[in-house]
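Listed below, chain by chain, are the residues.
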Amino acid sequence: MSSYCDFAPGDPVHGSYHDREYGFPQTEESELFERLLLEINQAGLSWATILKKREGFRSAYGGFDVDKVAAYGDKDRARLLADAGIIRNRLKVEAAIHNAQVIRAMRKSHGGFSQWG
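Here the structure is a predicted model, which means the values were calculated and not measured.

Colleague: Tell me about the overall build of the protein chain, and name the residues and values.
Modeller: Broken down by element type, the protein chain carries eight helices and zero strands. Sequence-ordered secondary structure for the protein chain, helices as α and strands as β, is α-α-α-α-α-α-α-α. What you see for the protein chain is a C-alpha radius of gyration of 15 Å, in line with the 13 Å of a compact globule of 117 residues. Based on the C-alpha atoms only, the size of the protein chain along its principal axes is roughly 40 × 35 × 20 Å. In the protein chain, which comprises 117 residues, the share counted as buried stands at 34%. Long-range pairs, those at least 24 residues apart, make up 55% of the contacts in the protein chain with a sequence separation of at least 6. Counting only carbon and sulfur atoms, one obtains 52% of the accessible surface of the protein chain, whose full area is about 6900 Å².

Colleague: Explain the packing of helix α7 (residues 74–81) against helix α8 (residues 90–109) residue by residue, including any values.
Modeller: Two numbers describe how α7 lies on α8: the axes approach to 10 Å, and their chain directions differ by 135°. When the interaxial angle is binned, α7 and α8 end up oblique. Two packed elements cross with a definite hand, and for α7 against α8 that hand is right-handed. Between α7 and α8, the contacting residues are R77, L80 and L81 on the first element and R90, V93, E94 and I97 on the second. Of the residues contributing to the contact of α7 with α8, the split by class is four nonpolar, no polar and three charged.

Colleague: Mind laying out the side chain of K92, listing which residues take part and the relevant values?
Modeller: Along the chain, K92 turns up in helix α8. E39 is the oppositely charged side chain nearest to the buried, salt-bridge-free K92, at an N-O distance of 10 Å. Among residues more than four places away in sequence, those in contact with K92 are I40, N41, Q42, A43, L45 and I87.

Calculation notes
As a convention, each chain's residues are numbered from 1 in the sequence order in which they are written. In keeping with the model being predicted, local features are shown solely for residues with a pLDDT of at least 70 and side-chain atom pairs are shown and tallied solely at 80 or more, while totals for entire chains, interfaces and linings include all residues. Based on all heavy atoms of the structure, the side-chain values leave hydrogens and waters out of the count. By definition, any uninterrupted DSSP run of H or I lasting at least four residues is a helix, any uninterrupted run of E lasting at least two residues is a strand, and each is numbered from the N terminus. The globule rule is 2.2 Å times the number of residues to the power 0.38, and the radius of gyration it is compared with is taken over C-alpha atoms. Note on exposure labels: buried denotes an accessible area under 20% of the residue type's maximum, exposed denotes more than 50%, and partly exposed covers the range between, all computed with a 1.4 Å probe on protein chains only. The contact criterion used is simple: two residues touch if any of their non-hydrogen atoms lie within 4.5 Å. Calculation of accessible area relied on Shrake-Rupley with a 1.4 Å probe; when residues are assessed, cover is drawn exclusively from the protein chains displayed. Axes, fitted as lines to C-alpha atoms, cover a helix only where it is in contact. Angles between the N-to-C directions of the axes lie from 0 to 180 degrees. An angle below 35 degrees is read as roughly parallel, one above 145 as roughly antiparallel, one from 65 to 115 as roughly perpendicular, and any other as oblique. Helix crossings fall into two classes, left-handed where the near helix is turned counterclockwise from the far one by less than a right angle and right-handed where it is turned clockwise. Only Asp, Glu, Lys and Arg are considered charged, only Ala, Val, Leu, Ile, Met, Phe, Trp, Tyr, Cys and Pro nonpolar, and every remaining residue, Gly among them, polar. Charged-residue counts in this description rest on Lys and Arg as positive and Asp and Glu as negative, His and the chain ends being excluded. A side-chain nitrogen of Lys or Arg and a carboxyl oxygen of Asp or Glu constitute a salt bridge if their distance falls within 4 Å.

Spelled out as structure tokens, the structure:
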């Protein structure tokens, strides 16, 4: 069985992610939220699909700004569901918004997302 590290280095889709992010701990809230959002959207899909749409996610979800996404309302939900640059799945969109709200609350309850756990 091959591992991610067997094929990702040098791959045009996976290479940069593997070399600069995969396995590297993150502590910044927006980086942690980005990883969470990408993982939510990866469920049932290939990681390559998510990496190819990464800039679309960044644009659609306000640069992965937790406060912006936590405040998304019905118009934002409709915008996201119409955006071909991301995964247009209602449950995944709702999960991203809900998790942003939870992360925002973690600032008070745990000192932030990176301190939780």
